[in-house]
Amino acid sequence: MSPPRKLHIKSYGCQMNVYDAQRMVDALAPEGFVETANVDDADLVILNTCHIREKASEKVYSELGRLRVARDEAAGQGRRMQIAVAGCVAQAEGEEIIRRAPVVDVVVGPQSYHNLPHLLAKAEQHGRALETEFPIEDKFGVLPQPAPDAIRARGISAFVTVQEGCDKFCTFCVVPYTRGAEMSRPVAAIVEDVKRLAENGVREITLIGQNVNAYHGDGPDGRAWSLGRLVRRLAEIPGIVRLRYSTSHPNDVDEDLLAAHRDLPALMPFVHLPVQSGSDRILAAMNRKHTADDYRRVIDRFRSASAAIAFSSDFIVGFPGETERDFSATLALVAQIGYAGAYSFKYSPRPGTPAADMPEMVPAAVMDERLERLQQLIDQQQSAFNKAAIGRTVEVLFERAGRKPGQIVGRTAYLQPTHVMAPDSIIGQVLPVRVDSLERYSLLGELASATSRPADAMAATGA
Ligand code: SAM
Ligand code: SF4
């Protein structure tokens, strides 16, 4: 038997890329590849790139410069290192990468990575291989399932892609071009994936998609199912104690989803709902197709479904033409909603998107200053949200050993990291924790064991 070949994947960007990286590992496992954390040892290095923000492609080219050195060193030891570029930069710049970076063997877009074994073989024979088409076959239908050992090694929390692509065409965003048109996976395929994960120790599933609540996959009854209906079905799977979904669009929040929040204890009351700006003028220029008031109403609907729901969001500062008045409207919206956390970014023109050609770029210094003010406000809100947990008992799903001996780390419903001193056996269980204090963004506390309910027991009783 030939020794295993070593694979190193460096992933940038969103949760979907983290998930894609795992599926590339699964696609290459039958070819005898095992993962290595050390790039210098690797027989194959994959850069799984992101094209969303700032200088994404330059970063890839400078990383490729470093990899050329590693590859030359490997060659000096009589070893061949293959290099592949995957993800959204690969999709956007395919031919250009082949032209500018001779070190690259394979360029593969996000819709084609199931073909990696074939592309690597092709590169072996012909020198290079490129695939950035949007193939007709569904990659999920042909990707090999992860091995039970691989699932266990990845821990108790897993991502599952249920929807890909986007038809919304926000004027700043490359996703509709790099990930293609919106498509939803069939319910039965997702149920199978989640059952397999649960059977191998996974307790928490995050359903992911660029526009996850636009989900409309074929159901077993021949009808299109909404995300709310899908979540309801997945909550029945033994072993699954927590469900999440990300990222949602405010225009696609329907009654099924709200009802799922109302009825299902397994659906976590933490919703990532990007708004981008609080100014109607900027929202229109962004082609978001909602106003700030529409967004406020969506938040109110969630809150009426469950008062426990907390929100996070994404914001872009310095979109072309953004005035101080527009920016104040964003600050006012944040102040009014009160977030448990949020991501904020400086606008970055993405080649090929409509906003990249808009005049009135906001000067860099103004963007910096606005970003700082927004982040300060969000930080204050996040700290207040975290502080409010002190003195309370919260349910924590324990994930792994912490850095200190005897310490175990888990997360609350709101994804707050929580540290307790406890035996390893609590990993995979949801247990109540009395929160004593805060250390930066983490909660510190003790198990409130009297009322503890192991996740497995809850799942077994269907609770
Ligand atoms: N589909 C999601 C949505 O509609 O909000 C998220 C898409 S994107 C992967 C994640 C975030 O990146 C966006 O919500 C936006 O805030 C940010 N983003 C996208 N394009 C950007 C750009 N050109 N400049 C700065 N930030 C950007
Ligand atoms: Fe990009 Fe807008 Fe689609 Fe989100 S909804 S992926 S921001 S185009």
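Here the residue numbering is sequential within each chain, running from 1 through the sequence in written order. Here chains are named by letter from A upward and ligands by number from 1 upward, in the order in which they appear as written. Local features in this predicted model are restricted to residues whose pLDDT is 70 or higher, and side-chain atom pairs enter the listing and the counts only when it is 80 or higher, whereas totals over whole chains, interfaces and linings include all residues. Side-chain metrics rest on all non-hydrogen atoms present in the structure, leaving aside hydrogens and water.

**Points about the overall build of the protein chain**
Piece 1. Labels follow the DSSP assignment, with helices taken as runs of H or I lasting at least four residues and strands as runs of E lasting at least two, numbered in each case from the N terminus. From N to C terminus, the protein chain includes 15 helices and 19 strands.
Piece 2. Taking 23 Å as the expected radius of gyration for a compact globule of 463 residues, we find that the protein chain reaches 23 Å, a close match to that expectation.
Piece 3. Counting over 463 residues, the protein chain shows a buried share of 54%.
Piece 4. Whether two residues are in contact is decided by their heavy atoms: any pair within 4.5 Å suffices. Of all intrachain contacts in the protein chain linking residues separated by at least 6 positions in sequence, the fraction that spans at least 24 positions is 72%.
Piece 5. For accessible areas, the Shrake-Rupley method is used with a probe of radius 1.4 Å. Any residue's cover is judged against the shown protein chains and nothing else. Accessible surface, the protein chain as shown: approximately 20,500 Å² in total, 52% of it carbon and sulfur.
Piece 6. The averaged location of the 58 negative side-chain charges in the protein chain is 3 Å from the averaged location of its 53 positive side-chain charges. As defined in this context, the radius of gyration uses C-alpha atoms, and a globule is described by 2.2 Å times the residue total to the power 0.38. Here's how the labels work: a residue is buried when its accessible area is under 20% of the maximum for its type, exposed when over 50%, partly exposed in between, all with a 1.4 Å probe on protein chains only. A positive count includes Lys and Arg, and a negative count includes Asp and Glu. His and the chain ends are not counted in either. Note that the charge is assigned to NZ on lysines, CZ on arginines, CG on aspartates and CD on glutamates.

**Digging into the confidence of the model for the protein chain**
Piece 1. Values of pLDDT, which run from 0 to 100, indicate the predictor's confidence residue by residue. Mean pLDDT over the protein chain stands at 92; residues scoring 70 or higher make up 96%.
Piece 2. For residues 450-463, every residue scores under 50 in pLDDT, and the model assigns this stretch 22 contacts once sequence neighbours within four places are set aside.

**Digging into the site of ligand 2**
Piece 1. What surrounds ligand 2 is the set C166, K168, F169, C170, F172, C173, V175, P176, N211, H249 and R288.
Piece 2. Along the lines of polarity and charge, the residues of the shell around ligand 2 split into seven nonpolar, two polar and two charged. Near, as used in this document, describes a residue that has one of its heavy atoms within 4 Å of the molecule or strand being considered. In this count, Pro and Cys sit with the nonpolar residues alongside Ala, Val, Leu, Ile, Met, Phe, Trp and Tyr, while Asp, Glu, Lys and Arg are called charged and the others, Gly among them, polar.

**Focus: helix α10 (residues 255-263)**
Piece 1. All of the buried residues along α10 are L257, L258, A259, A260 and H261.
Piece 2. On its buried face, α10 sits against α9 (227-234), β11 (242-246), β12 (270-272) and α12 (292-305).

**Notes on the sheet that holds strand β13 (residues 310-317)**
Strand pairing within a sheet occurs via backbone hydrogen bonds; the two strands may be parallel or antiparallel.
Piece 1. Spatial strand order, β12-β13-β14: three strands in an open sheet with parallel pairing. With partners counted over all chains shown, the strands left at the sheet margins are β12 and β14 (341-346), one partner each. Recorded for the sheet is a direction-independent mean angle of 15 degrees between the axes of neighbouring strands.
Piece 2. The pairing criterion for strands is at least two bridges between them, as found by DSSP. Two strands pair when backbone bridges link them, and β13 and β14 are joined in this way by six bridges, in the parallel orientation. Directly across from I316, in β14, lies its bridge partner F345. Note on definitions: angles span 0 to 180 degrees between N-to-C directions of axes, and those axes are lines fitted to C-alpha atoms, for helices only across the stretch in contact.

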